[in-house]
Amino acid sequence: MSSFRTEIKLKKSPLIIEHSKSILTLGSCFAENIANYFNHYKFEINVNPFGILYNPTSIHYAINMLMGDYTFTENSLIFYNQQWHSFYHHSNFSSDNKDQSLEKINNSLKISREFLREADFLTITFGSAYVYMYKKTRSIVSNCHKIPEKEFIQYMLKIDDIIYYWKEIIKQLKKLNPKLTIILTVSPIRYMKFGAEQNQLSKATLIMLSQLLKQEFDFVEYFPAYEIMMDDLRDYRFYGKDMIHPNDTAIEYIWDKFSETYMNENTLKMLNKIDKIIQARNHRPKNPDSEAHKNFTQTQLKLIKELKSEYPLLNFQEEIDYFSQ
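These lines cover the structure that appears in this document, whether it is placed above or below.

Conventions adopted
- Residues numbered from 1 in each chain as written.
- Predicted model: local features only at pLDDT ≥ 70, side-chain atom pairs only at ≥ 80, totals over all residues.
- Heavy atoms only, no water.
- Axes fitted to C-alpha atoms, helices over the stretch in contact; angles between N-to-C directions.
- Helix = DSSP H or I, 4+ residues; strand = E, 2+ residues; numbered from the N terminus.
- Parallel < 35°, antiparallel > 145°, perpendicular 65-115°, else oblique.
- Left-handed = near helix turned anticlockwise from the far one by under 90°.
- Contact = heavy atoms within 4.5 Å.
- Nonpolar A, V, L, I, M, F, W, Y, C, P; charged D, E, K, R; others polar.
- Salt bridge = Lys/Arg side-chain N within 4 Å of Asp/Glu carboxyl O.
- Buried < 20%, exposed > 50% of the residue type's maximum accessible area, 1.4 Å probe, protein only.
- Core = buried A, V, L, I, M, F, W, Y, C linked by side-chain atoms within 4.5 Å.
- Pairing = 2+ DSSP bridges.
- Patch = residues over 30% accessible without salt bridge, like charges linked within 9 Å, V, L, I, M, F, W, Y side chains within 5 Å.
- Areas by Shrake-Rupley, 256 points an atom, 1.4 Å probe, with all protein chains shown as cover.
- Lys, Arg positive; Asp, Glu negative; His and termini not counted.
- Charge placed at Lys NZ, Arg CZ, Asp CG, Glu CD.
- Expected span 1.5 Å × (residues − 1).
- Arc of directions from axis to C-beta.
- Polar contact = N/O pair within 3.5 Å; in protein donor to acceptor, adjacent residues only side chain to side chain.
- 1 Å grid on protein atoms, 1.4 Å probe; cavity = no way out; pocket = protein on both sides within 12 Å on 5 of 7 lines; lining within 4 Å.
- Points joined across faces, edges and corners; volume = space filled by probe spheres on them.

Interaxial distance between helix α8 (residues 265–282) and helix α9 (residues 291–310) falls to 11 Å at its minimum, and their mutual angle equals 150 degrees. Looking at the two axes, α8 sits roughly antiparallel to α9. Taken as a pair, α8 and α9 cross one another with a handedness that is left-handed. Where α8 abuts α9, its residues Met270, Lys273, Ile274, Ile277 and Ala280 lie against Phe296, Gln300, Leu303, Ile304, Leu307 and Glu310. Residues that form the contact of α8 with α9 fall into these classes: eight nonpolar, one polar and two charged.

This is the structure in C-alpha cells:
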C-alpha cells in the first residue's frame, strides 16, 4: 500500500520529563504554544520571563540576566508613544506607568532567576536569525515596540558570530545548575517578511547552531519541531488563515511527538487522566442542582484525591474549587 506522507519517527530520549521535574522556557511564540500544554497538564513551569523572544542574541541576553544580578532601572527603559518600554522585553511588560513597568520586569526577573537555579529542564525555541540593532545604542533589541524602522539596522546573524558565545553561556548554565538539561528547537513558524529564501537561510542558521551545540554538550538535546512541520505536516490544512502559523491541529501533533519522545509510559498515562479531569471541569451542566451533577462532581473530586495521593506535586486547586461549589 502506498504511503501519502512522510512521517518523522523520533527515537525515545533517555531524558525523561515527568511531574517531579521543573521546566523553564525561553523563546518564540511557539515556545508559549508548547508551554500551554505543560501548564494544561499541571507541570511546574516558568514561561518566557522576558516575554516572547525570537533571535539567539536576545535569548542570550536574557539568560545572562537570569544568571547575574542585573536590576532594571529607569535608565533601562525608553519612553515612546506614551508608554515605557524595555528593549529586552516583550510589550506585555510595557506600561504608561514607569514604576509599574519596572516592578513587573524586576519581579519576573527575580522569580525566574531563582527558578533557573533549581530547574531540571530549559527549553529554548529559536524563531529567527534576523535581528534589529537600535542605531542610538548599537545594541540588538528583542522588540522594536513599533518605533519607526528607520531607527534600526536590520540584518541576519551568521553562525560564526554566535556559536562562540552560545558555547560559553551553556557552560555557564551548567556551572550554575549542574543538573540542568537543555532542549533546543527551532520554531515551525516561517518568517516570511523578507521572502522564502531568506526564511530558509534564517532557519538553517538556527538549525546549524542547535546541532553544533548538541554535538558539543551531552546535556543538550535538539527536538525537530521545524522539520516536523515542513516535512511531516507539509499540507496547508495544518496552517492558520495566514498560511504561515501552524494551526491548533499542527501544534497538538508536534506536542504529541514531543511528549512521546521525552515522557515515559507512566507520565503519558497521567496526562490522559489529568486531561479527563480538566475536560470535566470545562463541562457546563444543563442542571447544576440535579442529583446526577452532584454525583458527577463527587466522582471528579475522588479522582483528584487519588491522583494527588500518587503525585502530591500536582496542583488541582482550580478544579477542586470548581467541583466543591
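Following the structure, the description resumes.
Right, let's talk about the pattern of salt bridges for a bit. Pairing between side chains becomes possible if they bear opposite charge and their charged atoms approach one another. Overall, the coordinates contain eleven salt bridges when judged by the stated rule. Residue glutamate 7 is joined to lysine 257 by a salt bridge in which the shortest nitrogen-to-oxygen separation is 3.0 Å. In this pair, glutamate 7 is assigned in the segment before β1 (22–27) and lysine 257 in helix α7 (residues 248–262), connecting sequence segments 250 residues apart. With a relative accessible area of 38%, glutamate 7 lands in the partly exposed category. Close ionic contact of lysine 42 with glutamate 319 constitutes a salt bridge, the shortest N to O distance being 3.0 Å. Placement of lysine 42 in the loop between α1 (29–40) and β2 (44–47) and of glutamate 319 in helix α10 (residues 317–323) is noted, with a sequence separation of 277 residues between them.

Glancing now at the nonpolar core. Ile63, Ile124, Trp166, Ile170, Ile182 and Leu213 are the most contacted members of the largest nonpolar core, which totals 46 residues. At the level of secondary structure, the elements contributing two or more residues to this core comprise β1, α2 (56–67), α3 (98–118), β5 (121–126), α4 (159–176), β9 (181–186), α5 (196–216) and β10 (220–223). With residues near it in sequence (within four places) discarded, isoleucine 182 still touches Leu122, Ile124, Ile170, Leu173, Phe219, Val220 and Glu221. With 41 residues, the next largest nonpolar core counts Tyr37, Tyr262, Met263 and Ala280 among its residues.

Across the sheet, which stays open at both edges, the three strands sit in the order β7-β6-β8 with antiparallel pairing between neighbours. Here the strands that pair on one side only, and so sit at the sheet edges, are β7 (139–141) and β8 (152–156). Put simply, the sheet's adjacent strands are angled 40 degrees from each other on average, direction ignored. In this structure, strand β6 (residues 130–134) lies alongside β7, joined through three bridges in antiparallel fashion. In the strand pairing of β7, tyrosine 132 is matched with valine 141.

Together, Asp248, Glu252, Asp256, Glu260 and Glu265 make up a region of like negative charge exposed at the surface. Take the negative patch: its biggest share by element is four residues, from α7. Structurally, glutamate 252 is set in helix α7.

For an α-helix, 3.6 residues make a turn, and residues three or four places apart therefore share a direction. The terminal C-alpha atoms of α4 lie 25 Å apart, and with 18 residues this matches the ideal 26 Å at 1.5 Å per residue to within 8%. Buried within α4 we find Ile162, Ile163, Trp166, Ile169, Ile170 and Leu173. The buried residues of α4 occupy an angular sector of 145 degrees when the element is viewed end-on, so they sit on one face. Away from its buried face by more than 90 degrees, α4 exposes Asp160, Tyr164 and Lys175.

Here we take up the environment of arginine 284. By the secondary structure assignment, arginine 284 is in the loop between α8 and α9. Take arginine 284: its relative accessible area is 57%, and that puts it in the exposed class. Looking at arginine 284, its side chain comes within polar contact range of the main-chain oxygen of asparagine 282, at 3.5 Å.

So, on to the layout of surface pockets. By volume, the largest pocket amounts to about 490 Å³. Every residue lining the largest pocket is counted, 19 residues in all, and those nearest its centre are Tyr54, Ser142, Asn143, Cys144 and His145. Mapped onto the lining of the largest pocket, the elements with two or more residues apiece are β4 (83–86) and β6. With three residues, β6 is the single largest residue contributor to the lining of the largest pocket. Its residues assigned to classes, the lining of the largest pocket comprises eight nonpolar, nine polar and two charged. Empty space within the second largest pocket amounts to approximately 160 Å³.

Any functional reading would require information beyond the geometric quantities listed.
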